[in-house]
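# Results of the structural survey
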Amino acid sequence: MARSTARKRALNTLYEADEKGQEILPLLDERLAFPGAQTPLPAYAQDIIRGVASHRRTIDRAINEHSTGWDVKRMHVLDRNIARIAAWEIVYNDEVPAKVAIDEALGLAKIYSDGEAPNFLHGLLSAIERDAESIRTEEQEWQEYRASLAAQAEEADAGETSESPDSPQTPKNSAE
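Residues numbered from 1 in each chain as written. Predicted model: local features only at pLDDT ≥ 70, side-chain atom pairs only at ≥ 80, totals over all residues. Heavy atoms only, no water.

Of the regular secondary structure elements, the protein chain holds eight helices and zero strands. Scanning the protein chain from its N terminus toward the C terminus, one meets helices and strands in the order α-α-α-α-α-α-α-α. Relative to a compact globule of 176 residues, whose C-alpha radius of gyration would be 16 Å, the protein chain shows 23 Å and is clearly more extended. The principal-axis extents of the C-alpha atoms in the protein chain amount to approximately 90 × 40 × 30 Å. (Helix = DSSP H or I, 4+ residues; strand = E, 2+ residues; numbered from the N terminus. Rg over C-alpha atoms; globule rule 2.2 N^0.38 Å.)

Written as structure tokens, this is what we have:
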């Protein structure tokens, strides 16, 4: 199945999750288990959905930072999810050239959105393309920072349990 079709199918799932206020990955699992009348989701659609879900905070932050006058939460649901798909492809999928991701997003916008959406998305996604490396680096640094905090907390917890003043202690010599 063509990647264009996979993008449309991914858009349908992301749109549904967004509209319902549902978590993305449980909805994906549901669609995979019970495809209903539709054909099963193509592998690339699944990759997109999982990629958007796992990087959504960073993607939404990048959209907010590069959008002129529109917060991601104020965008139309379709436009927001078209932007998320393209941003994921631009920043995280090295198999898809950024220009292709942008063109595909504009094609989806021309089909599903109003007349202003393609121009808006073109400007937004071009800005994200220019900063793709810094977006990726910033997320990696944030993940490393969170991992170091988790490791520190784990060390602190381990230290507390071994020397906790609240833990029962047995006397060294009960005859004393």
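Packed helices, taken two at a time, are described by the angle between their axes plus the distance between the axes. Taken N-terminus to C-terminus, the directions of helix α1 (residues 3-20) and helix α6 (residues 98-112) make an angle of 60°; their axes are 11 Å apart at the nearest point. On the basis of their axis angle, the class for α1 and α6 is oblique. Crossing handedness for the pair α1 and α6: right-handed. The residues of α6 that touch α1, namely those facing Ser4, Arg7, Lys8 and Leu11, are Val100, Glu104, Leu108, Ile111 and Tyr112. Considering only residue class, the contact of α1 with α6 consists of five nonpolar, one polar and three charged. (Axes fitted to C-alpha atoms, helices over the stretch in contact; angles between N-to-C directions. Parallel < 35°, antiparallel > 145°, perpendicular 65-115°, else oblique. Left-handed = near helix turned anticlockwise from the far one by under 90°. Contact = heavy atoms within 4.5 Å. Nonpolar A, V, L, I, M, F, W, Y, C, P; charged D, E, K, R; others polar.)

Looking at where Glu23 falls in the secondary structure, it is placed in the loop between α1 and α2 (24-33). A sequence separation of 30 residues divides Glu23 from Ala53, and the C-alpha atoms of the two residues are 8.5 Å apart.

Along the chain, Trp142 turns up in helix α8 (residues 132-162). In this structure the C-alpha to C-alpha distance between Trp142 and Val100, which are 42 residues apart in sequence, comes to 28 Å.

Formed by 44 residues in total, the largest nonpolar core has its most connected members in Ile63, Ile90, Leu121, Leu125 and Ile128. Mapped onto this core, the elements with two or more residues apiece are α1, α2, α3 (43-54), α4 (56-66), α5 (77-92), α6, α7 (117-130) and α8. Element by element, the count of residues in this core is highest for α5, at 10 residues. For Leu125, the residues in contact, after removing those within four places along its chain, are Ala83, Ala86, Ala87, Ile90, Ile102 and Ala105. (Core = buried A, V, L, I, M, F, W, Y, C linked by side-chain atoms within 4.5 Å. Buried < 20%, exposed > 50% of the residue type's maximum accessible area, 1.4 Å probe, protein only.)

With that settled, consider a negative patch on the surface. A contiguous patch of negative charge on the surface is contributed by Glu154, Glu155, Asp157 and Glu160. Along the chain, Glu160 falls in helix α8. (Patch = residues over 30% accessible without salt bridge, like charges linked within 9 Å, V, L, I, M, F, W, Y side chains within 5 Å. Areas by Shrake-Rupley, 256 points an atom, 1.4 Å probe, with all protein chains shown as cover. Salt bridge = Lys/Arg side-chain N within 4 Å of Asp/Glu carboxyl O. Lys, Arg positive; Asp, Glu negative; His and termini not counted. Charge placed at Lys NZ, Arg CZ, Asp CG, Glu CD.)

This part covers the confidence of the model for the protein chain. Considering every residue of the protein chain, the mean pLDDT works out to 89; 90% of them sit at 70 or more. Note on residues 167-176: pLDDT under 50 across the span, and one contact to partners over four residues away in sequence or across chains. (pLDDT = per-residue confidence, 0-100.)

Each pocket or cavity is described by its volume, and for the largest pocket that value is around 230 Å³. Residue assignment for the lining of the largest pocket shows that the elements contributing at least two residues are α1, α4 and α5. (1 Å grid on protein atoms, 1.4 Å probe; cavity = no way out; pocket = protein on both sides within 12 Å on 5 of 7 lines; lining within 4 Å. Points joined across faces, edges and corners; volume = space filled by probe spheres on them.)

Turning our eyes to something else, we now look at the side chain of His66. Inspection of the secondary structure assignment puts His66 in helix α4. At 2.7 Å, the side chain of His66 forms a polar contact with the backbone oxygen of Ala62. There is a polar contact of 2.6 Å between the side chain of His66 and the side chain of Asp131. Excluding anything up to four places from it in sequence, His66 contacts Leu124, Ala127, Ile128, Asp131 and Ile135. (Polar contact = N/O pair within 3.5 Å; in protein donor to acceptor, adjacent residues only side chain to side chain.)

With 15 residues, α6 should reach 21 Å at 1.5 Å per residue; the first-to-last C-alpha distance of 21 Å fits that figure. Every buried residue of α6 is listed here: Ala98, Ala101, Ile102, Ala105, Leu106, Leu108 and Ala109. Relative to the axis of α6, the buried residues are bounded by an arc of 160° and lie together on one face. For α6, the exposed residues lying more than 90 degrees away from the buried face are Lys99, Asp103, Lys110 and Ile111. Residues of α6 that are buried in the fold lie against α1, α5 and α7. (Expected span 1.5 Å × (residues − 1). Arc of directions from axis to C-beta.)

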